[in-house]
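A closer look at the structure
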Amino acid sequence: MRKIFLVLLTLAVFGVAGLPKAKAMDPITIAILAPYALPYAEAAGIWTLKGLVNASDGVAPIFTSMVDIFMLPVGLLEITLGAPFGLFKSGCQNLLTGTVAPFKFCFSTFMLLPLFLRLA
């Protein structure tokens, strides 16, 4: 009974939506409007390139914190399996680095937009 109810519920939810219709633009219209749109695209391209150059300062911290996330399992292995071999101290350091790394990653990612707009 439950399976029949789930099938009917699925059909009710997805059956109401209907099939999307394809809407295509006439290629002649694109050819007519291209000369008018080209100057605006060139002007926007300059500002987009400047924004990408500004945001490139924020990519390195994102990459380093992304790599530091992998220090969490490395530190855990050093603490557990490497303790008899004297790796406990470096394991604690790597564990701390790996624990802090997701927060650094989130902060660096959120700061990418202000860097893109050169607000920070």
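Preceding block: the structure.
Notes on the structure follow. (Residues numbered from 1 in each chain as written. Predicted model: local features only at pLDDT ≥ 70, side-chain atom pairs only at ≥ 80, totals over all residues. Heavy atoms only, no water.)

A word on the overall build of the protein chain
What counts is decided by this rule: Going along the chain from the N terminus, every DSSP run of H or I of four or more residues is numbered as a helix, and every run of E of two or more is numbered as a strand. To get the radius of gyration, use the C-alpha atoms; to get the globule rule, take the number of residues to the power 0.38 and multiply by 2.2 Å. Any two residues whose heavy atoms approach within 4.5 Å at even a single point are treated as in contact.
When you go through the protein chain residue by residue, the secondary structure sums to six helices and zero strands. By the compact-globule yardstick of 14 Å for 120 residues, the protein chain is too spread out, its C-alpha radius of gyration being 27 Å. Taken over the C-alpha atoms alone, the protein chain extends approximately 75 × 60 × 20 Å along its principal axes. Restricting the contact set of the protein chain to residue pairs at least 6 apart, pairs at least 24 apart contribute 64%.

Let's talk about the packing of aromatic side chains
As a reminder of what qualifies: Centres within 6.5 Å are what make two rings of Phe, Tyr or Trp a pair, Trp counting through its six-membered ring; a difference in plane orientation under 30 degrees is then read as stacked, over 60 as edge-to-face, and the rest as tilted. Lysine and arginine charges are scored as sitting over a ring when NZ or CZ, respectively, is within 6 Å of the ring centre and within 35 degrees of the ring normal.
The tally for this structure, following the rule as stated, stands at zero aromatic pairs. Here the guanidinium or amino end of Lys50 rests over the ring plane of Trp47, the centre of that ring lying 4.6 Å away.

Thoughts on the packing of helix α4 (residues 71-80) against helix α5 (residues 88-110)
Using the following cut-off: Axis definition: a line fitted to C-alpha atoms, limited for helices to the stretch in contact. Angles are taken between N-to-C directions and run from 0 to 180 degrees. Working rule for angles: under 35 degrees goes down as roughly parallel, over 145 as roughly antiparallel, 65 to 115 as roughly perpendicular, anything else as oblique. By convention, the crossing between two helices is left-handed when the near helix turns anticlockwise from the far helix through less than a right angle, and right-handed when the turn is clockwise. As a working rule, the residues Ala, Val, Leu, Ile, Met, Phe, Trp, Tyr, Cys and Pro are called nonpolar, Asp, Glu, Lys and Arg charged, and the rest polar, with Gly in that last group.
Between α4 and α5, whose axes approach to 7 Å, the crossing angle comes to 155°. Of the possible angle classes, the one that applies to α4 and α5 is roughly antiparallel. Here the hand of the crossing between α4 and α5 comes out left-handed. Taken together, the residues of α5 that come into contact with α4 (itself represented by Met71, Leu72, Val74, Gly75, Leu76, Glu78 and Ile79) are Phe88, Ser90, Gly91, Cys92, Asn94, Leu95, Thr97, Gly98 and Thr99. In terms of residue class, the contact of α4 with α5 is built from eight nonpolar, seven polar and one charged.

Things to note about the pattern of salt bridges
How we decide: Salt bridge, as used here: a side-chain nitrogen of Lys or Arg that lies within 4 Å of a carboxyl oxygen of Asp or Glu. The rule is simple: take the accessible area with a 1.4 Å probe, protein chains only, and divide by the maximum for that residue type; under 20% is buried, over 50% is exposed, in between is partly exposed.
Going through the model one piece at a time under the given rule, you end up with one salt bridge. The closest approach of N and O atoms between Arg118 and Asp57, which form a salt bridge, is 3.3 Å. Taken together, the residues Arg118 in the segment after α6 (112-116) and Asp57 in the loop between α2 (27-55) and α3 (59-68) connect sequence positions 61 residues apart. Given a relative accessible area of 43%, Arg118 falls into the partly exposed group. Overall, the relative accessible area of 46% leaves Asp57 in the partly exposed class.

With respect to α5
What counts here: Expected helix span is computed as 1.5 Å times (number of residues minus one). Throughout, the bend at a residue refers to the angle made by two axes, fitted to the seven residues ending there and to the seven starting there.
Along its 23 residues, α5 runs 34 Å from first to last C-alpha, staying within 8% of the 33 Å computed at 1.5 Å per residue. Helix geometry: α5 is bent most strongly at Ala101, by close to 35°, with proline Pro102 lying one to four residues after it. Along α5, the residues that are buried comprise Gly91, Asn94, Gly98, Ala101 and Ser108. Residues of α5 that are buried in the fold lie against α3, α4 and α6.

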